[in-house]
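Per-entry structural report
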Amino acid sequence: MNTSPLKPGFLIPAAILLLAVVAPLLSENRYLHHLMIMACVWGIAATALNLVMGYAGQVNLAHGAFFGIGAYTSGLLMLKLGIGFWIALPLACLAAALFGLLIGMPSLRTKGAYFAIGTLCFNVIVTVIIDRWENLTEGQRGLLGIPPPSAIPLPFGLTVRFDNNMVATYYLFLIMLLLTLFVTRRIVISLMGKDFRAVKGNEELAASIGINPFRTKLIAFVTSTFFAGLAGGLYASYIGFLSPDISDFHVTFEVLIQVMFGGIGTMAGPIIGATILPVISETLHALAAYRMVAYGIMLIVVIIFLPTGIMGGLKILWARCITRK
Amino acid sequence: MDLFLQQVINGIMVGSVYSLVALGLTIIYGILGVPNFAHGSLYMLGAYFSFLLVTAGGVNYWLAILISMAALTVIGMVIERIVFRPLVNAPHLNSFIAAIGLIYVIDNVALIVWGPDFKRFPPLYDQLYHFLGVTITLHRIIIVVTAVVLIVLLELFIKKTTIGSAIEATAQDRVGARLSGINVTRVDMWTLGLGTSLAAAAGALIGPILLVYPAMGGAVTLKAFVIIILGGMGSIPGAILGGFILGLIESIGGAYLTTNYHEVLAFGLLVTVLAIKPTGLFGKAH
């Protein structure tokens, strides 16, 4: 699964990157820009989840909680302590990673469904605490007026401003997404990445050849939560409003579905899922109340007929093309 | 002391319902290996069916419970055939995602058909009994007794019937069962029907005490998972005991420890248990 015969080289990624860079300049449509910004946010979150789930094989169902912890940390630091975005954002990532470490230590000793449900329970706990700790989080009223990223001064008296500037925001988020992809890819192709896959394949076997499964899983998990925090922090500053819903396990499911839909265990899959699924979800608005029913049916159909997601489907097509030649 | 006793009795009542839901979930997991995340949605359907039969159909409450159990057995079998059977050889994560898809479908169909508002059963068996300073309604007694009867019937069904033996054999060794001529696919179908009917019974029993609404299954699903992990995945005694333990902890803990955060007791308990014993209370290392 991991060593795919498919190597379309750098051409396809390069073309997609070029498209991602020029796309906002081709259209003035704010809604399109919004979708692209959100694709970056979900892209980061989905890439992070894919690292721990697709490569290290741990079904972490607390991803939304870490997204929410990142979002609330950055939002609270900015609103209550007046800390600037560029300090608050890394602190949000670190806070999420710290919780990742604290939760990962006990929960990664469990396996399979136990780990999945254990993390899901942690997700519920986080949401309830955010909801009830009104002195800190404002509870259901939510956090209002989270500032956008502060302006970056450039030489010659120029500045890049992010308030009401969706194109600049998009480029900032795109850079963060590329950073996430870069780090994830470095990890995946490193020796550590090989350890991830060994642990995913068979923990006992991995341990017998000298890999420490617990340590390996913990590294994957903490890295994943760090980037979940990044996605959350960016989201908080872009949307400007947070409520407990943003840490809900529905967020976990949404990101999980994006990963599965695009293709788990591939670099491109989570990005594809994070870009396409929100668009599908929006398009289905025309169906009004039947929207979520259609969404559910679509999920079931995709998982039955295309269990490896869009990337899996593309790989099959590609393999057929090659054998025909 | 009165408060304590009252909470113990409430805990047993809630616990018996939790046990029923968790039993269904655990036998489905034991046979199909599928974490059926849509279990709570089927519990919700069970509650709605019995509610409609009682209010709109004027059907006797007990008959309504039986009809909803039968209807949900069929729905469970259909779900096995359409959704889970094609995924039988796929990773469990895929069945899990399919189950999430099922939640979207079932909960939103319920929302479209019955609307978002809370439905209340007409008063049933609400005579009050007082003893030792504790007050209890007849319906709560009925819930516990019925749940226990259903648990015993399930045990008899598995031990005494041919289908039951086939289910037990498949749970122990799927390949061996197939080799000895058991139609494992049919066992899967029966198990999903059986497990779902237990969820329906639980929904129909607790419906008159709580309110009936489309999203009522979510929290129950999570708690049922907590229970079967506490009790060991696939373990029937584990699910029964785990259900009562969780009911009691929620009820007593909710009264004495924290009212504001009482929903997290169950999940905190689970995270703690897993931290100490990663395979659950009765689970074997594997």
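Structure's up top.
The notes below deal with the structure included here.

The rules we used
- Residues numbered from 1 in each chain as written.
- Chains lettered and ligands numbered in written order.
- Predicted model: local features only at pLDDT ≥ 70, side-chain atom pairs only at ≥ 80, totals over all residues.
- Heavy atoms only, no water.
- Pairing = 2+ DSSP bridges.
- Helix = DSSP H or I, 4+ residues; strand = E, 2+ residues; numbered from the N terminus.
- Contact = heavy atoms within 4.5 Å.
- Expected span 1.5 Å × (residues − 1).
- Buried < 20%, exposed > 50% of the residue type's maximum accessible area, 1.4 Å probe, protein only.
- Salt bridge = Lys/Arg side-chain N within 4 Å of Asp/Glu carboxyl O.
- Axes fitted to C-alpha atoms, helices over the stretch in contact; angles between N-to-C directions.
- Parallel < 35°, antiparallel > 145°, perpendicular 65-115°, else oblique.
- Left-handed = near helix turned anticlockwise from the far one by under 90°.
- Nonpolar A, V, L, I, M, F, W, Y, C, P; charged D, E, K, R; others polar.
- Core = buried A, V, L, I, M, F, W, Y, C linked by side-chain atoms within 4.5 Å.
- Buried area = accessible area lost by both parts, 1.4 Å probe.
- Polar contact = N/O pair within 3.5 Å; in protein donor to acceptor, adjacent residues only side chain to side chain.
- Phe/Tyr/Trp six-rings, centres within 6.5 Å; stacked < 30°, edge-to-face > 60°.

Concerning the pairing of strand β1 (residues 128-131) of chain B
Residues and elements named next belong to chain B. Sheet topology places β1 next to strand β2 (residues 134-137); 4 bridges connect them, and they run antiparallel. Counterpart to Phe131 in the pairing with β2 is Val134. The loop that links β1 with its antiparallel partner β2 comprises 2 residues; one of these, Leu132, has a positive phi angle of about 50 degrees.

Some words on the side chain of Thr137 of chain B
By the element assignment, Thr137 of chain B lies in strand β2. Aside from chain neighbours lying at most four places away, what touches Thr137 of chain B is Tyr125, Gln127 and Leu128 of chain B.

Observations regarding helix α12 (residues 268-283) of chain A
Residues and elements named next belong to chain A. Between its terminal C-alpha atoms α12 stretches 23 Å, which fits the 22 Å expected from 16 residues at 1.5 Å a residue. All of the buried residues along α12 are Gly269, Pro270, Ile271, Gly273, Ala274, Leu277, Pro278 and Ser281. Each element contacted by the buried residues of α12 is listed here: α2 (30-55), α7 (166-189), α11 (249-262), α13 (291-305) and α14 (309-324).

Describing the pattern of salt bridges
Once the charged atoms of two side chains with opposite charge are near each other, the side chains can pair. All names here are of chain A. One pass over the full model with this rule turns up 12 salt bridges over all chains. We note a salt bridge from Glu138 to Arg141, for which the minimum N-O separation is 3.1 Å. Residue Glu138 is classed as partly exposed on the basis of its relative accessible area of 23%. With a shortest N-O distance of 3.5 Å, Asp163 and Arg161 are connected by a salt bridge. The exposure class of Asp163 is partly exposed, given its relative accessible area of 38%. By relative accessible area, which is 45% here, Arg161 ends up partly exposed. Taken together, the shared-partner salt bridges in this structure form one network comprising Lys80, Glu138 and Arg141.

As for the packing of helix α2 (residues 39-55) of chain B against helix α4 (residues 92-114) of chain B
All names here are of chain B. The N-to-C vectors of α2 and α4 enclose an angle of 25 degrees; their axes lie 9 Å apart at closest approach. Taken together, α2 and α4 sit at an angle that is classed as roughly parallel. Like other packed secondary-structure pairs, α2 and α4 cross with a definite hand, here left-handed. Here Ser41, Leu42, Met44, Leu45, Tyr48, Phe49 and Leu52 of α2 lie close against α4, whose contacting residues are Ile103, Ile106, Asp107, Ala110 and Trp114. For the contact of α2 with α4, the per-class residue count stands at 10 nonpolar, 1 polar and 1 charged.

Looking at the nonpolar core
With 189 residues, the main nonpolar core has Phe67, Leu242 and Leu256 of chain A together with Leu20, Phe37 and Phe84 of chain B as its most contacted residues. The leading source of residues in this core is α2 of chain A, at 15 residues.

Structural notes on the environment of Gly193 of chain A
Residues and elements named next belong to chain A. Along the polypeptide, Gly193 turns up in helix α8 (residues 191-201). On the accessibility criterion, Gly193 (2% relative accessible area) is buried. Note: C-alpha distance between Gly193 and Leu178 (15 residues apart in sequence) is 19 Å.

Structural notes on unusual backbone geometry
Unlike most non-glycine residues, Glu138 of chain A shows phi in positive territory, near 65 degrees. Here Glu138 of chain A lies in the loop between α6 (134-137) and β1 (143-144). Of note, the phi angle at Tyr125 of chain B is positive, near 45 degrees, even though the residue is not glycine. Residue placement: Tyr125 of chain B occurs in the loop between α4 and β1. Residue Tyr125 of chain B is classed as partly exposed on the basis of its relative accessible area, which comes to 28%.

Some words on the interface of chain B and chain A
Facing the 40 residues of chain B at the interface are 39 residues of chain A. Between chain B and chain A the total buried area reaches about 3,500 Å² when both faces are included, carbon and sulfur atoms providing 80% of it. On the chain B side of the contact with chain A, Leu93, Ile97 and Tyr104 of chain B bury the most area, a combined 18% of that side's loss. The interface formed by chain B and chain A includes 0 salt bridges. Across the chain B-chain A interface, the total number found is 2 residue pairs in polar contact (both at pLDDT 80 or more). Sorting elements by how many residues they give to the side of chain B that touches chain A places α4 of chain B first, with 13 residues.

Focus on the packing of aromatic side chains
Taken as a whole and assessed by the stated rule, the structure comprises 26 aromatic pairs over all chains. Ring geometry for Phe115 of chain A versus Phe221 of chain A: centroids 6.0 Å apart, planes at 75 degrees, classification edge-to-face. Here Phe115 of chain A is found in helix α5 (residues 112-132), whereas its partner Phe221 of chain A is found in helix α10 (residues 213-239), with 106 residues between them in sequence. Residue Phe115 of chain A shares its accessibility class with Phe221 of chain A, and that shared class is buried. On the basis of an interplanar angle of 10 degrees and a centroid distance of 4.3 Å, the ring pair of Tyr48 of chain B and Trp114 of chain B is categorised as stacked. Of this pair, Tyr48 of chain B sits in helix α2 while Trp114 of chain B sits in helix α4, and the two are 66 residues apart along the sequence. Each member of the pair Tyr48 of chain B and Trp114 of chain B is classed as buried. Among the aromatic residues, those joined into a cluster by ring pairs are Phe249 and Phe253 of chain A together with Phe37, Phe96 and Phe225 of chain B.

Regarding the environment of Leu150 of chain B
Mapped onto the fold, Leu150 of chain B is located in helix α5 (residues 138-160). With 15 residues separating them in the primary sequence, Leu150 of chain B and Ser165 of chain B have C-alpha atoms 18 Å apart.

Overview of the packing of α2 of chain A against α7 of chain A
All names here are of chain A. At a minimum axis distance of 9 Å, the contact between α2 and α7 shows a crossing angle of 15 degrees. Here α2 is positioned roughly parallel relative to α7, judged by the angle of their axes. For α2 against α7, the interelement crossing comes out left-handed. Broken down by class, the residue content of the contact of α2 with α7 amounts to 17 nonpolar, 7 polar and 1 charged.

Observations concerning the environment of Phe214 of chain A
All names here are of chain A. With respect to the secondary-structure elements, Phe214 resides in helix α10. Residue Phe214 is classed as partly exposed on the basis of its relative accessible area of 28%. Considered as a pair, Phe214 and Leu79 are 135 residues apart in the sequence and their alpha carbons are 38 Å apart. Ignoring anything within four residues of it in the chain, the contact list for Phe214 reads Gly104, Met105, Leu108 and Arg109.

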